[in-house]
Amino acid sequence: MVSGHAYPWDVVGDPGFAERAPERVTLAASYHSTRAATPQHPEHQIVEARWAALYRPTRSAAWKGQDLRPLEPDWVASPDAFGDAAAILKRAGKKVTAWIVLTHNTRLGTRRPDVAVVNCFGEVYPYALCPAHTEVRDYAATLAAEAVRDVELDGVSLESCGQLGLSHLGHHEKTDGAWTPAVAALLSICCCTACQSAWSAEGLDPPSVVAVLREAVRNPAAEASPSVLATLLTIRHRHTDLLRRQVLAALPRRLPVTLHAQPDPWATGPSPGLTPTAEDDVDALLVPCWPLNEGSVEAVRQASTTGLPVDAYVTLLSPAQPSDLPAHVRRLRDAGAGRLSLYHLGLVPAWRQELFATLAEAFG
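The text that follows walks through the structure, step by step, so that each part is easy to find. (Residues numbered from 1 in each chain as written. Predicted model: local features only at pLDDT ≥ 70, side-chain atom pairs only at ≥ 80, totals over all residues. Heavy atoms only, no water.)

## What about the side chain of D311?
Here's step 1: Structurally, D311 can be placed in strand β12 (residues 310-315).
Here's step 2: At a separation of 3.4 Å, a polar atom in the side chain of D311 contacts the side chain of R339.
Here's step 3: When neighbours within four sequence positions are excluded, D311 is seen to be in contact with L285, L286, V287, R339, L340 and S341. (Helix = DSSP H or I, 4+ residues; strand = E, 2+ residues; numbered from the N terminus. Polar contact = N/O pair within 3.5 Å; in protein donor to acceptor, adjacent residues only side chain to side chain. Contact = heavy atoms within 4.5 Å.)

Written out as structure tokens, the structure is:
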């Protein structure tokens, strides 16, 4: 099974999109801020999505009493760009999955730093809403419910259904390579007020934990206590589980759910680390496989041990070389991937479009 990802503005206004698209399209219903190329669209070449948005009507009744709520996008003509795009695709006989980005919202994190992820130096990551906060979980649940309301769909794909961490691609990023993976993991441990409250409930002393994390960041030889780290991970996973279950409970009807995830339990970002109970709640796992290396293959292999269908998430964009991609997707298939998701139908230029059919054939 092969699917291609797309934004609503890729579909609306382009009469040729549906013909180019594969049988299955994973369509963004809510998405973070981005500057997106649209090289094949007949009306525009770039879309500036200046803040994270829900591409559905923002109903006051649904968001009543919630301070965290999406701001309507003014870069799309319709208040229901997702609904319009989904209807176009369904009329063309395509299967449509709602792609819902949950805790990645720079506008809300900037306006409400008290509910954003904070590292052990007290530095806020405004792009990352922390699921330890009830407000954040309520926001995500309402977002998901409103995303799929009254739209004919074939599934749901949940991105950033957990905590984001240090890494964030944006704002002319100048942090790549500054820390080892181990230190980056430490700087991805959230030390916000809600997380510290949970630490206290588990018998940890927050100031002492923060001091240990800071020292381990500054001095790699100073290792944090394995038992403390295990407790911090358990707490993170507990909040991730609460977020996922509240989101799933808010969906107005049962749809097959694909979870963006990584087998590494410490992973943060759009595809957070799998918790021990995640496999019981969802129908499939989408694993990022953008590096064309053994690490991606091993991630698929580990994810397949859950018994859930594994969707290998592969980019067709640079720096991936077209000649390297067929062998890569075959390795992913042989490692246990039963599905292939390709990124991205709207971003890929005309000269790479044939890759969608080439990789579908290679995947078999």
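Anyway, onward from the coordinates.
## Thoughts on the pairing of strand β4 (residues 46-49)
Here's step 1: Here β4 shows a clear split, with V47 and A49 buried on one side and none of I46 and E48 buried on the other.
Here's step 2: In the sheet, strand β3 (residues 34-37) pairs with β4 via four bridges, with the strands oriented antiparallel. Looking at β4, one finds that A36 is bridged to V47. (Buried < 20%, exposed > 50% of the residue type's maximum accessible area, 1.4 Å probe, protein only. Pairing = 2+ DSSP bridges.)

## Overview of the packing of aromatic side chains
Here's step 1: Applying the stated criterion across every chain yields a total of 12 aromatic pairs.
Here's step 2: Arranged with centres 4.9 Å apart and planes meeting at 70 degrees, the rings of W51 and W75 form a pair that is edge-to-face. You can see W51 sitting in the loop between β4 and β5 (53-54) and its partner W75 sitting in the loop between β5 and α3 (81-91), a full 24 residues away along the chain.
Here's step 3: Taking the relative accessible area as the measure of exposure, W75 reaches 15% and is therefore buried.
Here's step 4: Seen in terms of ring centroids, Y313 and Y343 are 6.0 Å apart; in terms of plane orientation they differ by 85 degrees. Their pairing is edge-to-face. Note that Y313 is positioned in strand β12 and Y343 in strand β13 (residues 339-343), a separation of 30 residues in sequence. The residues Y313 and Y343 share a single accessibility class, namely buried. (Phe/Tyr/Trp six-rings, centres within 6.5 Å; stacked < 30°, edge-to-face > 60°.)

## Overview of empty space enclosed by the protein
Here's step 1: Enumeration over the complete set of coordinates arrives at five cavities of 30 Å³ or more.
Here's step 2: Space inside the largest cavity adds up to approximately 80 Å³.
Here's step 3: What lines the largest cavity is P131, Q163, I189, C190, C195, W199, L232, I235, R236, H239 and W266.
Here's step 4: Taken together, the elements giving at least two residues each to the lining of the largest cavity come down to α7 (193-201) and α9 (226-250).
Here's step 5: Take the lining of the largest cavity: its biggest share by element is four residues, from α9. (1 Å grid on protein atoms, 1.4 Å probe; cavity = no way out; pocket = protein on both sides within 12 Å on 5 of 7 lines; lining within 4 Å. Points joined across faces, edges and corners; volume = space filled by probe spheres on them.)

## A word on the packing of helix α10 (residues 294-304) against helix α11 (residues 325-335)
A pair of packed helices is captured by two measures, namely the crossing angle of their axes and the spacing between those axes.
Here's step 1: At a minimum axis distance of 8 Å, the contact between α10 and α11 shows a crossing angle of 25 degrees. The angle between α10 and α11 places the two elements in the roughly parallel class. Crossing geometry of α10 relative to α11 is assigned as right-handed. Two secondary-structure elements touch here, α10 through S296, V297, V300, R301 and S304 and α11 through H328, R331, L332 and A335. (Axes fitted to C-alpha atoms, helices over the stretch in contact; angles between N-to-C directions. Parallel < 35°, antiparallel > 145°, perpendicular 65-115°, else oblique. Left-handed = near helix turned anticlockwise from the far one by under 90°.)

## Focus: the pattern of salt bridges
Pairing is possible between side chains that carry opposite charge, provided their charged atoms lie close to one another.
Here's step 1: Tallied over the full model, the rule gives 22 salt bridges.
Here's step 2: One salt bridge in this structure joins R149 and E146, with 3.7 Å as the shortest N-O distance.
Here's step 3: Taking the relative accessible area as the measure of exposure, E146 reaches 5% and is therefore buried.
Here's step 4: In this structure, the salt-bridge partner of R238 is E202, at a minimum N-O distance of 2.9 Å. Of this pair, R238 sits in helix α9 while E202 sits in the loop between α7 and α8 (206-218), and the two are 36 residues apart along the sequence.
Here's step 5: The partly exposed category is assigned to E202, whose relative accessible area is 40%. (Salt bridge = Lys/Arg side-chain N within 4 Å of Asp/Glu carboxyl O.)

## Some thoughts on the environment of E294
Here's step 1: Note that E294 resides in helix α10.
Here's step 2: Relative accessible area serves as the criterion here: at 48%, E294 is assigned to the partly exposed category.
Here's step 3: Counting along the chain gives 37 residues from E294 to R331, while the straight-line C-alpha distance between them is 8.9 Å.

## Observations concerning unusual backbone geometry
Here's step 1: With omega at 15 degrees, the peptide bond leading from S318 into P319 counts as cis.
Here's step 2: The residue P319 is located in the loop between β12 and α11 in this model.
Here's step 3: Backbone geometry places S160, a non-glycine residue, at a positive phi of 50 degrees.
Here's step 4: With respect to the element layout, S160 can be found in the loop between β9 (155-159) and α6 (181-186).
Here's step 5: Take S160: its relative accessible area is 1%, and that puts it in the buried class.

Everything listed is a geometric property; what it means functionally is a separate question.
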